[in-house]
Amino acid sequence: MTHSEGSAAPRQRADALMDDLLGPADADGLDGEQYDREERAALRRVAGLSTELDDVTEVEYRRLRLERVVLVGVWTSGTADEAESSLAELAALAETAGALVCDGVIQRRQKPDPATYIGSGKAVELREIVEEAGADTVVCDGELGPSQLVHLEDVVGVKVVDRTALILDIFAQHAKSREGKAQVALAQMQYMLPRLRGWGQSMSRQMGGGGGGGMATRGPGETKIETDRRQIHERMARLRREIAQLKTGREVKREERRRNRVLSVALAGYTNAGKSSLLNRLTGAGVLVENALFATLDTTVRRAQTPSGRTYTIADTVGFVRHLPHHLVEAFRSTIEEVADAHLVLHVVDGAHPEPQAQLAAVREVLREVGAAAVREVVVVNKADAADPEAVARLLEAEPDSIAVSARSGQGIEELRDLIDTLLPHPEVEIEAMVPYTEGGLLSRAHQEGEVLSAEHTDEGTLLKARVGPELASVLRAFPRP
Ligand SMILES: Nc1nc2c(ncn2[C@@H]2O[C@H](COP(=O)(O)OP(=O)(O)OP(=O)(O)O)[C@@H](O)[C@H]2O)c(=O)[nH]1
Ligand SMILES: [Mg+2]
């Protein structure tokens with residue numbers, strides 16, 4: 001059955017990459033396990049994929065419930081290394097979602113097969129691998145159309161999900177705030193809507209047993225799908241309203257910060273680069289740090305101070321990943337938009353990662369999409385403690401505005417603080433004033449909003465020399481130096 005892919009390279013197992021992700025070899029009791037697996041898979045199908053939603057809100061809490069997965073990628077362009085690292089990332093995503101990765105295969109093709117994603121001959125081979133591994137799910141490294149999912153499922157005999165569904169699932173597990181949860185739920189529904197029919201057909205074929213069982217179930221199945229669709233549409237409309245309200249609240253706060261001329265720094269970067277660790281280093285904030293992808297899904301804003309005593313806010317943001325599902329870019333646009341508003345972006349990259357440049361490029365692409373490309377950017381090469389010094393040196397050379405740090409050891413953090421101080425815009429007006437002791441509030445404003453160059457206590461009040469914004473400058477002019 002291999003004639004259809006004449007030039008296709010033999011299946012590539014990304015074994016080396018998966019080594020430490022592999023569980024113990026399953027040599028024991030194959031028969032019993034297989035039976036068990038069928039039973040579990042059957043149960044899971046009903047729980048996870050059925051369109052029979054008792055309550056449509058269930059969509060929100062849907063978990064893919066992946067257990068043993070086989071990964072499959074179509075390698076259309078680039079080097080073998082790139083194809084393998086994409087699959088390794090998929091493995092990390094699957095692990096983050098709680099799955100055990102049994103195996104990973106890549107097929108070289110010009111483009112994914114329109115019917116079954118990988119070629120039909122390869123799909124049959126994949127089925128053997130799935131059976132051998134005792135896997136219950138196949139995860140494809142791309143976004144598959146509804147009918148591709150159904151057709152591939154028919155061939156491999158287990159649940160098939162794509163990269164998008166996997167990422168959505170992780171996001172659903174990690175979102176904490178109301179807004180974050182609502183955004184993920186909306187994205188999940190957008191993703192599911194066109195796929196309801198597909199799953200429905202697949203289910204009825206399964207339940208019909210033979211090939212011709214479709215007719216009997218089609219009628220009521222369609223009706224049920226229509227009902228589900230309508231309910232999902234209604235729920236999506238409600239979610240959109242909720243998100244709009246929450247967004248207004250967040251924007252009011254943001255507007256307030258802008259009005260108060262609060263200096264702002266945003267941390268952006270590929271997932272797992274160490275953004276939250278760096279935020280903790282810079283502010284002492286207790287933000288969740290985890291060696292998992294997408295530990296942070298909600299924007300956290302903290303207060304920090306530059307070495308010269310200026311106050312600024314620093315926002316942690318959701319991590320980026322290649323091929324971020326489009327729904328999610330949309331859904332998270334608002335949280336990522338925070339970056340577009342910042343005075344300075346610290347673009348954190350994992351210096352110990354094999355492909356930091358690709359990560360930088362992926363993040364910049366999204367930043368451009370949300371209109372944050374014009375914000376001043378510094379590349380913060382993190383994990384310098386663990387990275388190869390030569391790789392770090394190469395990165396620093398390739399990126400003109402860059403600095404190497406380690407959030408873990410503290411190396412480079414002082415320099416980073418100084419750099420933040422230098423790059424944050426400086427208030428434009430230099431002023432001298434004699435601030436009476438009754439106007440203590442003005443002194444603290446000068447400290448917070450501006451840069452105090454000197455403050456000398458005299459009999460008449462505090463002799464202040466400072467750089468401040470125009471608004472505060474006009475207030476201070478009421479107290480000229482005698
Ligand atoms: N060796 C080393 N590990 C680090 C350093 N900074 C962070 N890490 C580790 O990298 C992992 C990810 O750190 P996080 O701070 O959660 O990364 P993040 O960018 O916020 O990740 P997401 O929120 O998932 O996008 C954790 O296991 C950290 O302990 C560092 O400087 N050196
Ligand atoms: Mg984080």
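Since the structure is predicted, the reported quantities are computational estimates derived from the model, not experimental observations.

1. Thoughts on the sheet that holds strand β10 (residues 376–382)
Stage number 1. Ordered in space as β7-β8-β6-β9-β10-β11, the 6 strands form an open sheet in which the pairing is mixed. At either end of the open sheet lies a strand with only one pairing partner, and these are β7 (300–305) and β11 (402–404). With strand direction ignored, the average angle separating the axes of adjacent strands in the sheet is 25°.

2. Digging into the pattern of salt bridges
Side-chain pairing between opposite charges can occur once the charged atoms of the two side chains come close.
Stage number 1. This model, assessed by the stated rule, comprises 16 salt bridges.
Stage number 2. Between Arg310 and Asp421 there is a salt bridge, with its nearest N and O atoms 3.0 Å apart. On the criterion of sequence distance, the pair formed by Arg310 in the loop between β7 and β8 (311–316) and Asp421 in helix α15 (residues 413–423) is long-range, its members being 111 residues apart. For the pair formed by Arg310 and Asp421, the shared burial category is buried.
Stage number 3. Taking the shortest distance from any N to any O, the salt bridge between Glu414 and Arg417 comes out at 3.4 Å. Here Glu414 and its partner Arg417 are both found in helix α15, 3 residues apart, which amounts to about one turn of the helix.
Stage number 4. Members of the salt-bridge network, linked through shared partners, are Glu89, Asp141 and Arg163.

3. Section: helix α5 (residues 120–133)
Stage number 1. Here α5 spans 20 Å end to end across 14 residues, near enough to the 20 Å set by a 1.5 Å rise per residue.
Stage number 2. Those residues of α5 not exposed but buried are Gly121, Lys122, Ala123, Leu126, Ile129, Val130 and Ala133.
Stage number 3. Looking one or two residues beyond α5, the residue adopting positive phi is Gly134, at roughly 65°.

4. Overview of the UniProt feature "coiled-coil region" (unreviewed entry) in the chain
Stage number 1. Under the feature "coiled-coil region" (unreviewed entry), the UniProt entry names residues 229–256.
Stage number 2. Each end of residues 229–256 is marked by a C-alpha atom, and these two atoms are 40 Å apart; helix forms 100% of the span and strand 0%.

5. Brief notes about unusual backbone geometry
Stage number 1. A positive phi angle is found at Asn272, which is not glycine, with a value near 75°.
Stage number 2. One can find Asn272 in the loop between β6 (263–269) and α11 (275–283).
Stage number 3. In this structure, Lys383 is a non-glycine residue whose phi angle is positive, near 65°.
Stage number 4. Here Lys383 shows up in the loop between β10 and α14 (389–398).

6. Focus: the pairing of β10
Stage number 1. Across the 7 residues that make up β10, a large majority, 5, are buried.
Stage number 2. In the sheet, strand β9 (residues 344–350) pairs with β10 via 7 bridges, with the strands oriented parallel. For Val348, the partnering residue across the bridge sits in β10 and is Val380.
Stage number 3. A crossover connection joins β9 to the parallel β10 through helix α13 (residues 356–369); in handedness this β-α-β unit is right-handed.
Stage number 4. Where β10 meets β11, 3 bridges bridge the pair, whose relative direction is parallel. When the sheet's bridge partners are listed, Val380 is paired in β11 with Ile403.
Stage number 5. Viewed along the sheet, the connection from β10 through α14 into β11 turns out right-handed.

7. With respect to the pairing of β7
Stage number 1. Of the strand pairs in this sheet, β7 and β8 are connected by 6 bridges, and their pairing is antiparallel. Pairing of Arg303 across the sheet is with Thr313, part of β8.
Stage number 2. Linking β7 back to β8 in an antiparallel pair, the connection comprises 5 residues, with Gly309 at a positive phi of about 95°.

8. A look at the environment of Ala182
Stage number 1. Its location among the elements puts Ala182 in helix α8 (residues 178–192).
Stage number 2. Residue classification places Ala182 among the buried residues on the basis of a relative accessible area of 4%.
Stage number 3. Here the alpha-carbon distance between Ala182 and Ala172, two residues 10 residues apart in the chain, equals 9.5 Å.
Stage number 4. Residues within four places of Ala182 in sequence aside, it is in contact with Leu239, Glu242 and Ile243.

9. A short note on the sheet that holds strand β14 (residues 462–468)
Stage number 1. Spatially, β12-β14-β13 is the arrangement adopted by the 3 strands of the open sheet, whose pairing is antiparallel. Edge positions in the sheet fall to β12 (429–435) and β13 (451–457), since each of these pairs with one other strand and no more. Averaged over all pairs of adjacent strands, the angle between their axes in this sheet comes to 10°, without regard to strand direction.
Stage number 2. Here β13 pairs with β14 via 6 bridges, running antiparallel. Across the sheet, Glu456 pairs through a bridge with Leu463, a residue of β14.
Stage number 3. Strands in contact with helix α16 (residues 440–449) are β12, β13 and β14; relative to β14, the strand with the most contacts, it is inclined by about 35°.

10. Points about the nonpolar core
Stage number 1. In terms of nonpolar packing, the biggest core is built from 75 residues, with Val70, Leu71, Ile118, Leu126, Val138, Cys140 and Leu152 touching the most fellow members.
Stage number 2. With 8 residues, the top contributor of residues to this core is α8.
Stage number 3. Val265, Ala273, Leu282 and Val380 belong to the second-largest nonpolar core, a separate cluster that totals 23 residues.

11. Digging into the packing of aromatic side chains
Stage number 1. Going through the model one piece at a time under the given rule, you end up with 0 aromatic pairs.
Stage number 2. Positioned over the ring face of Trp75 is Arg108, at 4.1 Å from the centre of the ring.

12. Regarding α13
Stage number 1. Taking 1.5 Å as the rise per residue, α13 with 14 residues should run 20 Å; its terminal C-alpha atoms sit 20 Å apart, in good agreement.
Stage number 2. When α13 is considered as a whole, its buried residues turn out to be Pro356, Gln359, Leu360, Ala362, Val363, Val366 and Leu367. Taken down its axis, α13 places every buried residue within 165° of arc, on the same side.

Cut-off values and rules
- Residues numbered from 1 in each chain as written.
- Chains lettered and ligands numbered in written order.
- Predicted model: local features only at pLDDT ≥ 70, side-chain atom pairs only at ≥ 80, totals over all residues.
- Heavy atoms only, no water.
- Pairing = 2+ DSSP bridges.
- Helix = DSSP H or I, 4+ residues; strand = E, 2+ residues; numbered from the N terminus.
- Axes fitted to C-alpha atoms, helices over the stretch in contact; angles between N-to-C directions.
- Salt bridge = Lys/Arg side-chain N within 4 Å of Asp/Glu carboxyl O.
- Buried < 20%, exposed > 50% of the residue type's maximum accessible area, 1.4 Å probe, protein only.
- Expected span 1.5 Å × (residues − 1).
- UniProt positions renumbered as here; feature names shortened; annotations may be inferred.
- Right-handed = clockwise from strand over helix to strand, strands pointing away.
- Contact = heavy atoms within 4.5 Å.
- Core = buried A, V, L, I, M, F, W, Y, C linked by side-chain atoms within 4.5 Å.
- Phe/Tyr/Trp six-rings, centres within 6.5 Å; stacked < 30°, edge-to-face > 60°.
- Lys NZ or Arg CZ within 6 Å of the ring centre and 35° of its normal.
- Arc of directions from axis to C-beta.

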